[in-house]
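# Structural overview for review
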Amino acid sequence: MTAADPAAPAPAPPPVPTDEPPQAQRAPRRLSVIWLAPAFALAVVAWLSWHTLRQRGPEITVRFSSAEGLTAGETEIRHKGVRVGTVTSFELAPDLSEVIVHARMTRGVAAQLTGSTRFWIVTPRVGTSGISGLNTLVSGAYIEMYPGTGPQKRDFVGLEGPSLLQPDTAGRAFTLTEDELGAIGPGTPVNYRGVQVGQVEGYALDAAGRSVQIYAFVRAPYDALVHDDTRFWDASAIDVSAGPQGIRVRLNSLQQLVTGAIGFDTPTVTAGTARLPEAAAKKVFPLYDSHAIALRHHSGPRLTYALRFDESAAGLQVGTAGTL
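Within every chain, residues take consecutive numbers counted from 1 along the sequence as written. Only residues with pLDDT of at least 70 get local features here, since the model is predicted, and only at 80 or more are side-chain atom pairs given and counted; chain-wide, interface and lining totals rely on the full set of residues. Note: side-chain values were computed over all heavy atoms of the structure, leaving out hydrogens and water.

## With respect to the overall build of the protein
- Here a strand is any run of E in DSSP of at least two residues, a helix any run of H or I of at least four, and the numbering for each starts at the N terminus. When its secondary structure is counted, the protein shows four helices and 18 strands.
- Across the 324 residues of the protein, 32% fall into the buried class.
- Working rule for contacts: check all heavy atoms of both residues, and any pair within 4.5 Å makes them a contact. Taking the contacts inside the protein whose residues are at least 6 apart along the sequence as the reference set, 67% of them involve residues at least 24 apart.
- If you sum the accessible surface of the protein, you get close to 22,500 Å²; carbon and sulfur atoms cover 58% of it. For the exposure calls, accessible area comes from a 1.4 Å probe over protein chains only, and a residue counts as buried if that area is under 20% of its type's maximum, exposed if over 50%, partly exposed in between. Only the protein chains shown count as cover for residues, and the accessible areas themselves come from Shrake-Rupley with a 1.4 Å probe.

Set out below in structure tokens:
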């Protein structure tokens, strides 16, 4: 036997036996598939919220005399059938004279919310131009918007009804005067030789209350047909005249008899004659009761003749046409 090396390490003691069983090795945790559904739903909600905020535009107010038919959170603001906003709430004006409608618009129309933008409530209406807004019987009332140009604006005053003419319609407006209004009203057509070239925008009494002023608009290029010598007449009446040839009855269409109409004509410019100057916008014209009466009046220079007949002048009357 050899002596033990004092520098060698001592042998490790044997393991002490225990009654505890050896621990099993744990498998690594995996993400359960059941958590994917809530995560996906949360992602969809986050995307929809971001998309809504991205499309969210300015908040505006529109003042109407009544908010009948409108519902907060449901009533839409449309342009050409496309939703461009939604009504959010209502409130009465401090003097209780009107309703202030609050609405949230989309970002796409923010630049068109200007001083010339128009709003009106679309409901079923029956007027001289026909029946409109029948689709609201099913879908409910909504607010129509016509975009404008210019400096932006956020507070508006709504119209009482649909706009008869768009703000950018080319043409000129003229004022017609008559003792009584008759069947003429907003939307009444203005015809030239049977073709509609304009319409009546509105009417009002003059300052003295003695006559009615009718505001007629003639679209371009037909407004060039209106000269200082143009004559307007009420085309909704039945024109009856009597002369040497007997009784002459001029009948208009059934629609003109029911809804009213205005006709006008200008003396024909013969070949070689200088073109007549066009009438200025807002010029005032008399509105004659019939076509026959309008033909008897002429605003140009007149020459008066005295005729003597050796025979009877039976059959002649005021307004009988003569030829040279």
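## Digging into the nonpolar core
- To qualify as a nonpolar core, a set must consist of buried Ala, Val, Leu, Ile, Met, Phe, Trp, Tyr and Cys residues joined through side-chain atoms within 4.5 Å. Among the nonpolar cores identified, the biggest contains 20 residues, and Ile60, Ile77, Met105, Phe119, Ile143 and Met145 are the most heavily contacted of them.
- Of all the secondary structure elements, the ones that give two or more residues to this core are strand S1 (56-64), strand S3 (82-92), strand S4 (99-106), strand S5 (118-122) and strand S8 (142-146).
- When residues of this core are assigned to their parent elements, the largest contribution, four residues, is made by S4.
- Val200, Ile214, Ala216 and Val218 belong to the second largest nonpolar core, which has 19 residues in total.

## Side note on the pattern of salt bridges
- Salt bridge, as applied in this entry: a Lys or Arg side-chain nitrogen positioned within 4 Å of an Asp or Glu carboxyl oxygen. On inspection of all chains with the given rule, the structure shows six salt bridges.
- Between Glu98 and Arg63 there is a salt bridge, with its nearest N and O atoms 2.8 Å apart. Of the two residues, Glu98 is situated in the loop between S3 and S4 and Arg63 in strand S1; the sequence distance between them amounts to 35 residues.
- Here Arg172 ties to Glu278 by a salt bridge, and the two come within 3.4 Å at their closest N and O atoms. Of this pair, Arg172 sits in strand S10 (residues 171-178) while Glu278 sits in the loop between strand S17 (262-265) and strand S18 (284-288); the two residues are 106 residues apart in sequence, bridging distant segments of the chain.
- You can call Arg172 buried: its relative accessible area is 14%.

## Focus: the environment of Thr177
- For Thr177, the position within the fold is in strand S10.
- Separated by 26 residues in the primary sequence, Thr177 and Tyr203 place their C-alpha atoms 9.6 Å from one another.
- When residues no more than four places from it in sequence are discounted, the contact partners of Thr177 are Val212, Gln213, Val284, Phe285, Pro286 and Leu287.

## What to know about the packing of aromatic side chains
- Here a Phe, Tyr or Trp ring, Trp counted by its six-membered ring, pairs with any other such ring whose centre lies within 6.5 Å, and the pair is stacked when the planes are under 30 degrees apart, edge-to-face when over 60, and tilted otherwise. Per the counting criterion, the structure on display carries five aromatic pairs.
- Relative to Phe285, the ring of Phe232 has its centre 5.2 Å away and its plane inclined at 55°; by these criteria the two rings are tilted. Residue Phe232 is located in strand S14 (residues 231-234), and its partner Phe285 is located in strand S18; the two are separated by 53 residues in the primary sequence.
- An aromatic cluster is defined as three or more aromatic residues linked by ring pairs; in this entry it consists of Phe174, Tyr192, Phe232, Phe264 and Phe285.
- In this analysis the charged atom, NZ for Lys or CZ for Arg, is taken to sit over a ring once it is within 6 Å of the ring centre and within 35 degrees of the ring normal. Seen from the ring of Tyr142, Arg78 lies directly overhead, with NZ or CZ sitting 4.2 Å from the centre.
- For Lys283, the ring lying beneath its charged end belongs to Phe285, and the centroid distance is 5.6 Å.

## Thoughts on the sheet that holds S17
- Strand pairing is defined by DSSP finding a minimum of two bridges between the two strands. With mixed pairing, the seven strands of this closed barrel are ordered in space as S10-S13-S12-S11-S17-S14-S18. Across the sheet, the mean angle separating the axes of adjacent strands is 35° when strand polarity is ignored. Note on geometry: axes are C-alpha line fits, over the in-contact stretch for helices, and angles between N-to-C directions span 0 to 180 degrees.

## Some remarks on the pairing of strand S11 (residues 189-192)
- What you see with S11 is no split at all: Pro189 and Asn191 on one side and Val190 and Tyr192 on the other are buried throughout.
- Relative to strand S12 (residues 195-205), S11 runs antiparallel, the two being bridged by four bridges. Along S12, the bridge assignment pairs Asn191 with Gln196.
- Between S11 and S12, which pair antiparallel and follow one another directly, the connecting turn spans two residues, one of which, Arg193, has a positive phi of 55°.
- In this structure, S11 lies alongside S17, joined through three bridges in parallel fashion.

## Regarding the environment of Ala261
- Locating Ala261 in the fold gives a position in the loop between helix H3 (254-259) and S17.
- Judged by relative accessible area, which is 0%, Ala261 ranks as buried.

## A few points about a nonpolar patch on the surface
- Patches in this entry comprise residues that are over 30% relatively accessible and not in a salt bridge; like charges within 9 Å are linked, as are nonpolar side chains (Val, Leu, Ile, Met, Phe, Trp, Tyr) within 5 Å. On the surface, Phe40, Val44, Trp47 and Leu48 cluster together to form a nonpolar patch covering roughly 430 Å² of accessible area.
- Structurally, the position occupied by Leu48 is in helix H1 (residues 36-55).
- The class of Leu48 is partly exposed, set by a relative accessible area of 44%.

## A closer look at the confidence of the model for the protein
- Looking at the protein, the pLDDT average stands at 77 and 67% of residues meet or exceed 70.
- Confidence over residues 269-273 falls short of pLDDT 50; this stretch has two contacts with residues more than four positions distant or in other chains. Looking at any residue, its pLDDT shows the predictor's confidence there, from 0 to 100.

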